[in-house]
Structures are given as C-alpha cells and as structure tokens.
Amino acid sequence: MAAAGALVLLAPCSTHRVPPVDLYPERQAWAQQIDWSVAKQEATSVLSAYLALDTSNPPGRESLGAAYLASILASEGIEASTHEFAPGRSNLVARLRSEHPEEAPLCLMSHIDVVTAETEHWSQDPFRGTVDDEGYIWGRGALDMKGTGVVELLTLVWLKRLGVPLRRDVVLLAVGDEEVDNLGVRFLADHHWDDIGCSHVLNEGGVGVEGALVDGLTTFAVAFTEKGSFWLRMHVDGPPGHGSTPMPDSAPAKLVQALDRIRARKPKPTFHPEVYTLLGAIGERAGGLTGAVLRSPTLVRSLAVGRLMDNPVSRALITNTINITGFGGAEEPNVIPSRVWAQLDIRMLPGTTSADMMAELHELTDGIDGVSFEVLQDLPAVESPTDDAVYQTLVRRVQLEWPDAAVGPLIMPGTTDSQILRPLGVHAYGLTHFLLTPDELRTMHGHDERIHVDTLATGLRVVLQVVLDLAAHDKPGG
Ligand SMILES: [Zn+2]
C-alpha cells in the first residue's frame, strides 16, 4: 500500500533534529501511568491470538475476528456490537462515550479480513500466531492490518482503564471484506453511518519505511486521498469467421490495435500541490543537492520529472494511469469470435473525472469500429483537507516520535475503505504507525508476514498519544 520503491537514490546529509514541542503535555500525562513493558506483552498475546483466526478473504469469515474483539471489549466493560453483512461475515462497532461531547466522534478503523496465504512458501504457519525468539509475531495480517486493529482496540481499552475523560466519543470500527469488495464498510456506510457519526476516521494508508524514497531516509506518508478507480471492460465487435483466413476488421485484430494505442499513450505529469509538500518534506530531511531540488517545485518540474516518470511508483503519483489487466472472449483456436474484450484498471488523480478518462479513451480508439465500454466500477478521488487538526496531529506525533523522518501527505495509488467514507463528508486519513524495513514491508500481501513486538508496542503508544491529543481532556495535575 505504501509508496514503495526508490525515487531518487542519493544519500541524505546526516543532521540531528530537535524534536518539535509537544502541544498537549497535560493530555499526554495519562499515558505516563501505563507500564509499557506490560502493555507490550498484552499487545503481543492479543495479536497472536487474533492472527490464529483464519479470516482469509475469500471467504472472509470475519465473524470469528469480530467475536474475538468483542469478547475483549466485553471483559473491559466497553460497549460493542457486531453486524452481519453476509453469512459468517460481521463488522464490529465499539464506542467509548464522552459525557459532554465538544466535537463529533473520532473513528479508529481497521479491517478484519486478510489476503490469502500460500502456506507452503511460509517459514511459519500463517494462522498460528507464533512469536519467535527474535520477537517477531508471525501471521497473515500482522501488518495488513490486524496489527493496527489490535493497536486501535487496546487504545480504547487503555482510555477506559485509565478513566480518561473524553472531549468526543472514540469509536472502534473493525470491518470485513476490505481486501475484495469493501462490503463491510459499504454496509456500515449504508445502514449505520448516521449512528456512528464520526467526522474523522483514522485508517490504513501510508506507513513508515526506512529508505523508501531516499536512501537512508525514513518517510512516513499520510494518505489524505486515494486515486479514483475507474474499471472498464472494453468490448470490441467484428464479423465472425474462420480462423484460417485473417481479416483486418476482426474483433481480435481491432482489440489489439486499440490496446496498442492505449499502451503507447503518454500521459503528461500532473503535480497535485500536496505532491510538492511531500517532496519538500523529504527534501528538508535529505539536504544537499537532492534536498534543494525536492524543496523547489520549479526544480522538481525541470530536473526531477524525468526520474519521477521513469519509476512506476512515483509515476503513478503524478499521472492518470490506464492499466490493461486482462482479456477474454476467445473460444476455439480456429474460430474468429464476433466479440472480444479487455479489462482496463484506470486510476485518476484528484481533479480528473471518469468522463475525462472516457473522452481520452474515445480519442485513443477513434477510427476503430465496434468499440464500446462497460463500466465495472467508478469511484472518484475525494480529498480530505490537510489543514485539518486531525491530519496535523498525525504529522506532529510522527515527528515527535521519529524526529529524523520525513512526514508528508500521500495520494494513495491504490484504495482502502476510506474511499467509501470520504464521499459521505468524512475526513479520513491513512497511516499505519509502524516503522518498517523494506524487507518487512515486502511481507505485506507476500510470504512470511510478521511484525516485531517493539514495532507493535511503539505503534500502540503513538496511536494512544494521537487519540489523547484529539479526544482527551487534560489530566488534572498532569
Ligand atoms: Zn489493508
């Protein structure tokens, strides 16, 4: 999910940074009552048991995970309910109430389902929750995203145990089917959103990665939007016939012609202002010539654009992409079919509409007879503002915890459940509060997914601090 891959491979200057000042020391005083070594052990065992529940999607079986989380909440006296959106598939909603709410609720969201695992390629059973001698907790979903689910759950648990008086409700959402069709969050959006009532959602998105964008530099990118996803099936019709006699206007021949033009398309780079903000934050930490270029939008456009366009990851951040992801329609080798099709996965930057992309496709396929488009999905890119207290708090907390890291706004090339919520007017921000090595990051959706107990514990502490900033009253005498 994160923007992996090297953008520019230059060494940054090594500079030591003074952490910015903590704006809410009295709210943070609550966290000082926690014995963090005990909290770490607890987080480890809660995650280990959660990973042992196989919620691979398909089929999902998220009710297993929802019931597990609900049992922990019940033992702590926290109000929770589960809603089944399909047989054996449930979402969980839990709420800590503010007695005198001053702001709309804050939601902490995760998904219960995980992608499938090719068990034969793993060094440990992906569904046992093994904790090894080096302190790694193994299992599908350790990073994406049961680890975060546990961090968010225990954040509610600690707020409750400490008796923190709240300025707003804090709501935990754990949903199903994020990895396939977003059915869980769609069900919440359609049937429960008025009751949930969150103005802001913290969800997955970017993550902290060492050396992700500049060699030796840690970057935390906070997703404030996701590219629009516009999925099409392009049909091409033509006269049927015998395979022995090639015809220039056959459907397969015209499909190839249309796809050739789509492949040869040269999208022009478009820089969203927040791309400059992220590059600028990286430039500030990188220093030197690289830093000077990245800090200047003019220099980025003139000197760095070629490099950004050459790398598929950075290219996706600055272009509308059309990816050919499959074909179909042929039956027999010796029969010319009258209809064939190709699938197109189109991802649009904020500001580009599906109508814009459709116009471009019509232009690209101009003069080829029999081409038509069937829309499979059309989700626009909706932005959440970055001049928002929640976004700013996420950035500030990361800077306090990792003062040498670059932190900035991310346009996610892919999508998460946040994309379903933003059109409802919700401000959703995506950041997993884990600092990972590139090797650890690769295990997400890959083999041997695992998280170190220290990474998990730090994530819990930082998320609790974020929520104290955003939702707690000051601790008297704190
Ligand atoms: Zn995920």
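In this text the structure is predicted, and so the values were computed from the model without any measurement.

Thresholds applied
Residues numbered from 1 in each chain as written. Predicted model: local features only at pLDDT ≥ 70, side-chain atom pairs only at ≥ 80, totals over all residues. Heavy atoms only, no water. Helix = DSSP H or I, 4+ residues; strand = E, 2+ residues; numbered from the N terminus. Rg over C-alpha atoms; globule rule 2.2 N^0.38 Å. Buried < 20%, exposed > 50% of the residue type's maximum accessible area, 1.4 Å probe, protein only. Contact = heavy atoms within 4.5 Å. Pairing = 2+ DSSP bridges. Axes fitted to C-alpha atoms, helices over the stretch in contact; angles between N-to-C directions. Parallel < 35°, antiparallel > 145°, perpendicular 65-115°, else oblique. Left-handed = near helix turned anticlockwise from the far one by under 90°. Nonpolar A, V, L, I, M, F, W, Y, C, P; charged D, E, K, R; others polar. Phe/Tyr/Trp six-rings, centres within 6.5 Å; stacked < 30°, edge-to-face > 60°. Lys NZ or Arg CZ within 6 Å of the ring centre and 35° of its normal. Expected span 1.5 Å × (residues − 1). Donors = N, O, S within 2.8 Å, 3.2 Å for Na, K, Ca; no water.

Caption draft 1: Structural context of the overall build of the protein chain. A tally of regular secondary structure across the protein chain gives 16 helices and 16 strands. The C-alpha radius of gyration computed for the protein chain amounts to 24 Å, which stays within 12% of the reference 23 Å derived for 478 residues, consistent with globular compactness. By residue count, 57% of the 478 residues in the protein chain fall in the buried class. Sequence separation of 24 or more characterises 81% of the internal contacts of the protein chain that already satisfy a separation of 6 or more.

Caption draft 2: Spotlight on the side chain of serine 418. Summarising the element assignment, serine 418 is placed in helix 14 (residues 418-421). A relative accessible area of 0% means that serine 418 is categorised as buried.

Caption draft 3: The pairing of strand 3 (residues 106-111), seen in detail. Most of strand 3 is tucked away, with six of its six residues classed as buried. Judged by which residues are buried, strand 3 turns out to be covered on both faces: Leu106, Leu108 and Ser110 on one side and Cys107, Met109 and His111 on the other are all buried. Summarising the sheet, strand 3 and strand 5 (residues 170-175) pair through six bridges and their orientation is parallel. Along strand 5, the bridge assignment pairs methionine 109 with leucine 173.

Caption draft 4: Structural context of the packing of helix 13 (residues 389-401) against helix 16 (residues 453-471). Axis separation between helix 13 and helix 16 bottoms out at 10 Å; the angle between their running directions is 140°. Relative to helix 16, the element helix 13 lies oblique. By crossing handedness, the relation of helix 13 to helix 16 is classed as right-handed. Residue-level inspection shows Ala389, Val390, Thr393, Leu394, Arg396, Arg397 and Glu401 of helix 13 in contact with helix 16, the latter providing Thr458, Arg461, Val462, Gln465, Val466, Asp469 and Leu470. Among the residues forming the contact of helix 13 with helix 16, the class breakdown is six nonpolar, three polar and five charged.

Caption draft 5: Fine view of the pairing of strand 7 (residues 218-226). Of all nine residues in strand 7, nine are buried; the element is thus mostly enclosed. Two elements, strand 6 (residues 200-210) and strand 7, share three bridges in a ladder whose sense is antiparallel. Counterpart to glycine 208 in the pairing with strand 7 is phenylalanine 220. With seven bridges connecting them, strand 7 and strand 14 (residues 406-412) associate as parallel partners. Bridge assignment links alanine 221 to a residue of strand 14, and that residue is glycine 408.

Caption draft 6: The packing of aromatic side chains, seen in detail. If you walk through the whole model with that rule in mind, you get four aromatic pairs. Each ring, one from tyrosine 391 and one from tyrosine 429, has its centre 5.7 Å from the other, and the planes form 50°; the classification is tilted. You can see tyrosine 391 sitting in helix 13 and its partner tyrosine 429 sitting in strand 15 (residues 427-436), a full 38 residues away along the chain. Grouping residues by exposure puts tyrosine 391 and tyrosine 429 together as buried. Above the ring of tyrosine 50, the side-chain terminus of lysine 146 is found at 4.9 Å from the ring centroid. Its end group placed over the ring of tryptophan 30, lysine 475 keeps NZ or CZ at 4.7 Å from the ring centre.

Caption draft 7: Representation of unusual backbone geometry. Across the junction of proline 58 and proline 59, the peptide omega takes the value 0°, indicating a cis bond. Take proline 59: it is sitting in the loop between helix 2 (36-51) and helix 3 (62-75). Residue methionine 145 follows aspartate 144 across a cis peptide bond; omega there is -15°. You can see methionine 145 is positioned in the loop between strand 4 (136-138) and helix 4 (146-162). Positive phi, close to 65°, is recorded for aspartate 177, a residue that is not glycine. Accessibility expressed as a relative area gives 2% for aspartate 177, which makes it buried.

Caption draft 8: Looking closely at the sheet that holds strand 8 (residues 228-237). The four strands lie next to each other as 10-12-8-13, forming an open sheet whose pairing is antiparallel. What marks the edges here is a single partner per strand, and that holds for strand 10 (321-328) and strand 13 (371-379). Averaged over all pairs of adjacent strands, the angle between strand axes in this sheet comes to 20°, irrespective of strand direction. Sheet topology places strand 10 next to strand 12 (residues 339-348); seven bridges connect them, and they run antiparallel. Bridge pairing links isoleucine 324 to leucine 344 in strand 12.

Caption draft 9: Inspection of helix 8 (residues 273-286) at higher detail. End to end, helix 8 covers 20 Å across 14 residues, agreeing with the expected 20 Å (1.5 Å per residue, within 8%). Extensive coverage of helix 8 is indicated by the burial of 11 of its 14 residues. If you check which residues of helix 8 are buried, you get Glu274, Val275, Tyr276, Leu278, Leu279, Gly280, Ala281, Ile282, Gly283, Arg285 and Ala286. The inward-facing, buried residues of helix 8 abut strand 7, helix 9 (288-295), helix 10 (297-310), helix 11 (312-318), helix 13 and strand 14.

Caption draft 10: Examining the coordination of the zinc ion more closely. In the first shell of the zinc ion, the protein supplies His111 (NE2), Asp144 (OD), Glu204 (OE) and Glu204 (OE), at 1.9 to 2.7 Å from the metal. Summarised as a motif, the one-chain spacing of the donors to the zinc ion is H-x32-D-x59-E. With a gap of 93 residues between them, histidine 111 in strand 3 and glutamate 204 in strand 6 connect regions that are remote in the sequence. As far as the burial class goes, histidine 111 and glutamate 204 line up, both buried.

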